[in-house]
Amino acid sequence: MKKYFVLAVIGLMAAAANLSAQPQQGAGMPQMPPVLNPEEKTAQMAEKYKLTEEQKQAVLELNQKYDGKLEMKMPEQGEMKDFRKMTDEEREQFMKEMQSRMAEMQETQAQLEENQKAYENELKGILDKKQFRKYRSDILRAQAEREQAMQRGFGGGFPGGGFPGGGFPGGGMPGGGFPGGGFPGGF
């Protein structure tokens, strides 16, 4: 079991190193939309959803209230060391740090989802039904496009492809990936 976990971490590290070594966006990875400041976001929404002046002001205040609370901020990545050259103690420390980062990212994701729900509930009180339906439709379409781009960028996504050599499960790793598919422990 520990062997599979170590193999998974090595695979993730290789993927991260590969991605960071790639040229700018567009080398197979989807480009994230730029983060707009509240004024830019409001202007974009005003044009797209034909907001009244009163709605513009209310949306601006809402966007200012949630500024920086709706986007994932990626943690700084330290220098990547070769996992194979680490001592047992370094590997142990590395694994603890990775588990800690994963837990932090999960907490952050949960907070972002709560913030998005609260934002949309308040926005629903500002926009009329037709405007809000169009907003939700646009959000869902953008999410689907990002997911498709991620799958293309990873060669099909998890499981079954993505990394050179076939990805997880079934290829690219000695032994052909993880038996039963996916990562042990439900990753």
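Residues numbered from 1 in each chain as written. Predicted model: local features only at pLDDT ≥ 70, side-chain atom pairs only at ≥ 80, totals over all residues. Heavy atoms only, no water.

1. Let's talk about the packing of aromatic side chains
Then, number 1: Tallied over the full model, the rule gives three aromatic pairs.
Then, number 2: When the centroid spacing of 6.1 Å and the interplanar angle of 70° are considered together, the rings of Y49 and Y135 count as edge-to-face. Taken together, the residues span a long stretch of sequence, with Y49 in helix α2 (residues 38-49) and Y135 in helix α5 (residues 129-153) at a distance of 86 residues. Here the two residues Y49 and Y135 agree in accessibility, since each one is buried. (Phe/Tyr/Trp six-rings, centres within 6.5 Å; stacked < 30°, edge-to-face > 60°. Helix = DSSP H or I, 4+ residues; strand = E, 2+ residues; numbered from the N terminus. Buried < 20%, exposed > 50% of the residue type's maximum accessible area, 1.4 Å probe, protein only.)

2. Describing the pattern of salt bridges
Then, number 1: With the rule as written, the count across this model stands at six salt bridges.
Then, number 2: Between K56 and E53 there is a salt bridge, with its nearest N and O atoms 3.0 Å apart. Remark: E53 and K56 occur in helix α3 (residues 53-65); sequence separation between them is three residues, near one turn of the helix.
Then, number 3: Residue E53 is classed as exposed on the basis of its relative accessible area, which comes to 59%.
Then, number 4: Where D138 meets K134, a salt bridge forms, and the shortest distance between an N and an O atom there is 3.8 Å. Taken together, the positions of D138 and K134, both in helix α5 and four residues apart, correspond to about one turn of that helix.
Then, number 5: Classification of D138 as buried rests on a relative accessible area of 10%. (Salt bridge = Lys/Arg side-chain N within 4 Å of Asp/Glu carboxyl O.)

3. Regarding the packing of α3 against helix α4 (residues 88-124)
Then, number 1: Close contact between α3 and α4 brings their axes to 11 Å; oriented N to C, the two are set at 170°. As summarised for this structure, α3 and α4 are arranged roughly antiparallel, according to the angle between their axes. Residue-level contacts link V59, L62, N63 and K65 of α3 to Y119, E122 and L123 of α4.
Then, number 2: Among the residues making up the contact of α3 with α4, the classes are represented as four nonpolar, one polar and two charged. (Axes fitted to C-alpha atoms, helices over the stretch in contact; angles between N-to-C directions. Parallel < 35°, antiparallel > 145°, perpendicular 65-115°, else oblique. Contact = heavy atoms within 4.5 Å. Nonpolar A, V, L, I, M, F, W, Y, C, P; charged D, E, K, R; others polar.)

4. Observations concerning the nonpolar core
Grouped burial of nonpolar side chains is what soluble globular proteins tend to show.
Then, number 1: By size, the foremost hydrophobic cluster in this structure holds 13 residues, and its most contacted members are M45, L51, V59, Y119, L123, L127 and Y135.
Then, number 2: Elements with a minimum of two residues in this core: α2, α3, α4 and α5.
Then, number 3: When residues of this core are assigned to their parent elements, the largest contribution, three residues, is made by α2.
Then, number 4: Sequence-distant contacts of Y119, that is, excluding residues within four places in its chain, are made with K41, M45, L62, N63, Y66, L70 and Y135. (Core = buried A, V, L, I, M, F, W, Y, C linked by side-chain atoms within 4.5 Å.)

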